Amino acid sequence: MKKLVMAAAISTVFFAGYASADDAKPEHEVSFNAAVTSDYRYRGISQTRLQAALQGGADYTHNPSGFYAGTWASTIKWTKDAGGGGDVEIDLYAGKRGEIAKDISYDVGVLSYVYPSNGLAVSANTTEIYGQLSYGPAYAKYSHSVTNLFGFADSKNSGYLDLGANVEMATGLTLNLHAGHQQVKNNGAYSYTDWKLGLTKDFGIVTGAVAVIGTNAGEVAYASPANGKFLGKTALVVTVSKTF
């Protein structure tokens, strides 16, 4: 998976709140993004066995209405490590953003995580619906799975609560704060809380992000089947991205 690109940098752009539409924006807007990250963390858990990932995506926005759609992809290792196949995650999403009142905005939509050829006994493919409210730089978001969640059996109706803020410290420099809780339906041993403290800096040519990410996930529950390493360990993640 919102969130748009990269465990640290573009997740800030995609999931962290909506800026009111600018009259100067075109009616139809298309953008692309690409990134490299030292570890693809999703909801605090490494998707790449604590190793680097390549990522990229494309987005379309209809600015007058706030409707948007896009796709995003990343290299991964976890489906193969879990006994299946595949080494790519492809996300497909669509939704609508808008303002309720001054400084108060919303974002609602649907997001499907697709793992081609994952071949797991319970498919890794997952679809969630989500809703977000933002006030200034702060946001609260809830995602609800309408399928089994990432290969967990009987886990439909799992939920993830995401609270955070992206505070501009200086021109081009943003403080990223996040805390979340993943509830895995009927699989209580896999539920956990995650957090992130990071900085994102726009250098013009590229955007750089650095973040400390951690969880209280069970070390046995989230140990890599490949080497036994804890995939939710507290670690520093570095990302370089470009949007064009």
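Residues numbered from 1 in each chain as written. Predicted model: local features only at pLDDT ≥ 70, side-chain atom pairs only at ≥ 80, totals over all residues. Heavy atoms only, no water.

A. Summary view of the sheet that holds strand S9 (residues 138-145). Ordered in space as S1-S4-S5-S6-S7-S8-S9-S10-S11-S12-S13-S14, the 12 strands form a closed barrel in which the pairing is antiparallel. Going across the sheet, the axis of each strand differs from the next one's by a mean of 20 degrees, ignoring polarity. (Pairing = 2+ DSSP bridges. Helix = DSSP H or I, 4+ residues; strand = E, 2+ residues; numbered from the N terminus. Axes fitted to C-alpha atoms, helices over the stretch in contact; angles between N-to-C directions.)

B. Fine view of the pattern of salt bridges. Taken as a whole and assessed by the stated rule, the structure comprises 4 salt bridges. Among the salt bridges present, the one from Arg 41 reaches Asp 39, with a minimum N-O distance of 2.8 Å. Each of the two residues, Arg 41 as well as Asp 39, counts as buried. In this structure, Arg 97 engages Asp 107 in a salt bridge whose closest nitrogen and oxygen atoms are separated by 3.5 Å. Of this pair, Arg 97 sits in strand S6 (residues 88-101) while Asp 107 sits in strand S7 (residues 104-114), and the two are 10 residues apart along the sequence. A single burial state applies to Arg 97 and to Asp 107, both of which are buried. (Salt bridge = Lys/Arg side-chain N within 4 Å of Asp/Glu carboxyl O. Buried < 20%, exposed > 50% of the residue type's maximum accessible area, 1.4 Å probe, protein only.)

C. Seen up close, a nonpolar patch on the surface. The grouping of Met 169, Leu 177, Trp 195, Leu 197, Leu 199, Val 210, Val 212, Leu 236 and Val 238 at the surface amounts to a nonpolar patch, some 730 Å² of accessible area in total. Of all the elements in the fold, those that place two or more residues in the nonpolar patch are strand S12 (192-202), strand S13 (207-215) and strand S14 (235-243). No other element matches S12, which puts 3 residues into the nonpolar patch. Looking at where Val 210 falls in the secondary structure, it is placed in strand S13. (Patch = residues over 30% accessible without salt bridge, like charges linked within 9 Å, V, L, I, M, F, W, Y side chains within 5 Å. Areas by Shrake-Rupley, 256 points an atom, 1.4 Å probe, with all protein chains shown as cover.)

D. Structural view of the packing of aromatic side chains. Summed over all chains, the structure comprises 10 aromatic pairs. Aromatic side chains Tyr 40 and Trp 72 sit 5.5 Å apart centroid to centroid with 70 degrees between the ring planes, which places their arrangement in the edge-to-face category. Of the two residues, Tyr 40 is situated in the loop between strand S1 (28-37) and strand S2 (41-42) and Trp 72 in strand S5 (residues 67-75); the sequence distance between them amounts to 32 residues. Each of the two residues, Tyr 40 as well as Trp 72, counts as buried. We note Lys 96 situated over the ring of Phe 67; from NZ or CZ to the ring centre the distance is 5.7 Å. The ring of Tyr 68 has Arg 97 lying over it, and the distance from NZ or CZ to the ring centre is 3.9 Å. (Phe/Tyr/Trp six-rings, centres within 6.5 Å; stacked < 30°, edge-to-face > 60°. Lys NZ or Arg CZ within 6 Å of the ring centre and 35° of its normal.)

E. Up close: the pairing of S6. Note: S5 against S6, 9 bridges, orientation antiparallel. Bridge pairing in S6 places Gly 70 opposite Tyr 93. As paired elements, S6 and S7 share 11 bridges and run antiparallel to each other. Opposite Ile 90, over in S7, you have Val 114 as the bridge partner. Between S6 and S7, which follow one another and run antiparallel, lie 2 residues, and Asp 103 among them has a positive phi close to 70 degrees.

F. Spatial organisation of the environment of Ala 34. In this structure, Ala 34 sits in strand S1. Under the relative-accessibility criterion, Ala 34 is labelled partly exposed at 33%. Dropping the residues within four chain positions of it, Ala 34 is found in contact with Gln 55, Gly 56, Val 240, Ser 241, Lys 242 and Phe 244. (Contact = heavy atoms within 4.5 Å.)

G. The arrangement of the side chain of Glu 89 in detail. Mapped onto the secondary structure, Glu 89 falls in strand S6. On the basis of relative accessibility, which here comes to 0%, the residue Glu 89 falls in the buried class. In this structure the side chain of Glu 89 is engaged in a polar contact, spanning 2.9 Å, whose partner is the side chain of Tyr 40. (Polar contact = N/O pair within 3.5 Å; in protein donor to acceptor, adjacent residues only side chain to side chain.)

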